[in-house]
Amino acid sequence: MNLFGRMAEDIRTVFRKDPAARSLFEVIFYPGLWAVWNHRFAHVFWKMKLRAPSRLCSHMSRFLTGIEIHPGARVGRRLFIDHGMGVVIGETAEVGDDCLIYHGVTLGGSSLEKKKRHPTIGNSVLIGMGAKIIGPITVGDHCKIGANAVVNQDVPANCTVVGVPGRIIIQAGVRQLEPVMDDKLNLLDPEQSAINELAERLRQLESRFEERAEPKDKGSQKWRR
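J.: Any details on the overall build of the protein chain? Residues and values, ideally.
T.: A tally of regular secondary structure across the protein chain gives 6 helices and 16 strands. Out of the 225 residues belonging to the protein chain, those deemed buried represent 37%. Counting contacts in the protein chain only where the partners sit at least 6 residues apart, residues at least 24 apart contribute 31% of the total. When the accessible surface of the protein chain is totalled, it reaches about 13,900 Å², and 59% of it is carbon and sulfur.

Next up, the structure:
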């Protein structure tokens, strides 16, 4: 597909994924759309080893849109970045086709070594606002990452992940009522564990208090009156 065909495809994607899109004039000023278009030019320069032009294009795009996509990142077709302010996509990140990313999302690295250190995102993945996906992990196709989730482990396809640390609550359409303890991604939230422990201790204290408050005989019952 030629350049203009890709641009038309991106515009149709905005109309399909954003219910607020009402007219072509409105859509062509979307910062997320311009960020993707600018990245494509920057990425071409990057592959040609023209680091300075690619960096210049990337910095100008960040200045104009508030979205930072490293020129080395690989972005698939029909990516839509809604609102987009604060989105950061690292150098070795890979994003599949038909993905939807909201503002404040970070596809970041967890290593200082010059190797694959950013996540790989599958096709048709939705990443909610403020989510952080860290390290050279893989998020499978058709996944949903909840707002403000922090994900640092691989996610299978067709999953919904929420929380800090991120944990799977739905997999292949089935709600996960109990965590799978052999899967690091499904470990209980430490904050939730602490809350559950405090609730249990409170229940025990209330039970002991009720036992001591009960009268042992009729005389004590009369005395209490």
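We are not done yet, so read on.
J.: A description of helix α3 (residues 31-47) should follow, citing residues and the corresponding values.
T.: Taking 1.5 Å of rise per residue, the 17 residues of α3 would be expected to cover 24 Å, and the 24 Å separating its terminal C-alpha atoms lies within 8% of that figure. Among all positions of α3, only Gly32, Leu33, Ala35, Val36, Trp37, Asn38, His39, Ala42, His43 and Trp46 are buried. Buried residues along α3 sit in contact with α1 (3-17), α2 (24-27), α4 (51-65), β1 (68-69), β2 (74-75) and β3 (80-81). One or two positions beyond α3, positive phi appears at Lys49, with a value near 65°.

J.: Could you give an account of the packing of aromatic side chains, with specific residues and numbers?
T.: Taken as a whole, this structure holds 3 aromatic pairs when the rule is applied. Consider the rings of Trp34 and Trp37, whose centres lie 5.3 Å apart with planes at 75°: the pair is edge-to-face. Note that Trp34 and Trp37 are positioned in helix α3 at a spacing of 3 residues, about one turn of the helix. Overall, Trp37 belongs to the buried group, its relative accessible area being 8%. A cation over an aromatic ring shows up here: Arg51 above the ring of Trp46, its NZ or CZ 3.9 Å from the ring centre.

What counts, and where the lines are drawn
- Residues numbered from 1 in each chain as written.
- Predicted model: local features only at pLDDT ≥ 70, side-chain atom pairs only at ≥ 80, totals over all residues.
- Heavy atoms only, no water.
- Helix = DSSP H or I, 4+ residues; strand = E, 2+ residues; numbered from the N terminus.
- Buried < 20%, exposed > 50% of the residue type's maximum accessible area, 1.4 Å probe, protein only.
- Contact = heavy atoms within 4.5 Å.
- Areas by Shrake-Rupley, 256 points an atom, 1.4 Å probe, with all protein chains shown as cover.
- Expected span 1.5 Å × (residues − 1).
- Phe/Tyr/Trp six-rings, centres within 6.5 Å; stacked < 30°, edge-to-face > 60°.
- Lys NZ or Arg CZ within 6 Å of the ring centre and 35° of its normal.

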